[in-house]
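Chain by chain, the residues:
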Amino acid sequence: MQGVYDDLTNAGARHGLVHAGYHALNSLRIEKAYRHWGHDITDEDTPLEAGLGFAVKWDKPGGFIGREALLRQTKSGCAKRLVQFKLKSPEPLLYHNEPIWRGDALVGFIRSGMFGHSLGAAVGLGYVTVPNGSPVEAIGSDDYEVEVAGIRYPATASLRPLYDPKNQRIKS
C-alpha cells in the first residue's frame, strides 16, 4: 500500500495535489451544500425535502418503493426543506443541532455545520418548516437567525449552494 500512496502523491504533485484533512473536506462539502447521509439526509427525509428531486428517476422501469408517496408530495408540497445557512457574523461557529429561528418561531435545527473558509463565515445545513400552503421558494434569504450559545445571529438562507451555485468551478 505504501507504494501505491507514493505513486499517487508523486503523480499528483505536478497537478497541485495536496493533503487535506477530514475537517477541511467537511468544510468544503458544506460550503457546496453536499449532503451527508446520517446528518443531512436520513431515512426520515424525502429526496424532495432534501432538495434532491433532480436525482429521482420518476420513470424507472417497474417503479420504485415510495414513488406514489413522492408523487403525492409533489402535489401537496413539502412540510420541511433542507436549507443552507451562512451566518452574517464571521465569529460564531456551527457544529450541529443549533436552533433555527424565523422571527419568534423556532422552525428547525442545523443538522451539520462548519466554518466555511471560502465563504468567510460559519455555514450549516438544516431543515426548516415551510409555512402551510407556501411554495418552498417562499423561504426568504434574510428571514432567519441561527442560535449559538444562547445568542441569535442573522443568517443568509439559500436553497442553492452559496459556493459555486452554478457548478462552474466544478465543470472547469
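Residues numbered from 1 in each chain as written. Predicted model: local features only at pLDDT ≥ 70, side-chain atom pairs only at ≥ 80, totals over all residues. Heavy atoms only, no water.

A. Main features of a nonpolar patch on the surface. Together, Met1, Val4 and Leu8 give the surface a local cluster of nonpolar side chains, amounting to about 390 Å² of exposed area. For Val4, the position within the fold is in helix α1 (residues 2-13). Judged by its relative accessible area of 48%, Val4 is partly exposed. (Patch = residues over 30% accessible without salt bridge, like charges linked within 9 Å, V, L, I, M, F, W, Y side chains within 5 Å. Areas by Shrake-Rupley, 256 points an atom, 1.4 Å probe, with all protein chains shown as cover. Salt bridge = Lys/Arg side-chain N within 4 Å of Asp/Glu carboxyl O. Helix = DSSP H or I, 4+ residues; strand = E, 2+ residues; numbered from the N terminus. Buried < 20%, exposed > 50% of the residue type's maximum accessible area, 1.4 Å probe, protein only.)

B. Spotlight on the environment of Leu70. As for its placement among the helices and strands, Leu70 is situated in helix α3 (residues 67-76). Put simply, Leu70 and Lys166 are 96 residues apart on the chain and 26 Å apart in space, counted from C-alpha to C-alpha. Not counting residues up to four positions away in its chain, the partners in contact with Leu70 are Thr46, Pro47, Leu48, Val56, Trp58 and Phe64. (Contact = heavy atoms within 4.5 Å.)

C. Representation of the sheet that holds strand β3 (residues 105-116). One closed barrel accounts for six strands, arranged β1-β4-β3-β2-β5-β6; its pairing is antiparallel. Neighbouring strand axes in the sheet, compared pairwise and without regard to direction, differ in orientation by 40° on average. The pairing of strand β2 (residues 99-102) with β3 spans four bridges and is classified as antiparallel. Its bridge partner lying in β3, Ile100 is registered against Gly108. Against the sheet, helix α2 (residues 22-31) engages β1 (80-87), β3 and β4 (121-129), with an angle of about 130° to β3. (Pairing = 2+ DSSP bridges. Axes fitted to C-alpha atoms, helices over the stretch in contact; angles between N-to-C directions.)

D. Unusual backbone geometry, seen in detail. Phi angles above zero are rare outside glycine, and Ala149 is one such case at about 50°. Along the polypeptide, Ala149 turns up in the loop between β5 (144-148) and β6 (151-158). In this structure, Asp164 is a non-glycine residue whose phi angle is positive, near 50°. Of note, Asp164 is situated in the loop between β6 and α4 (168-171).

E. Just the pattern of salt bridges, in detail. One pass over the structure, following the stated rule, counts eight salt bridges. A salt bridge links Asp143 to Arg102, with the shortest nitrogen-to-oxygen separation between them at 3.0 Å. Note that Asp143 is positioned in the loop between β4 and β5 and Arg102 in strand β2, a separation of 41 residues in sequence. We classify Asp143 as partly exposed; its relative accessible area is 34%. Relative accessible area serves as the criterion here: at 23%, Arg102 is assigned to the partly exposed category.

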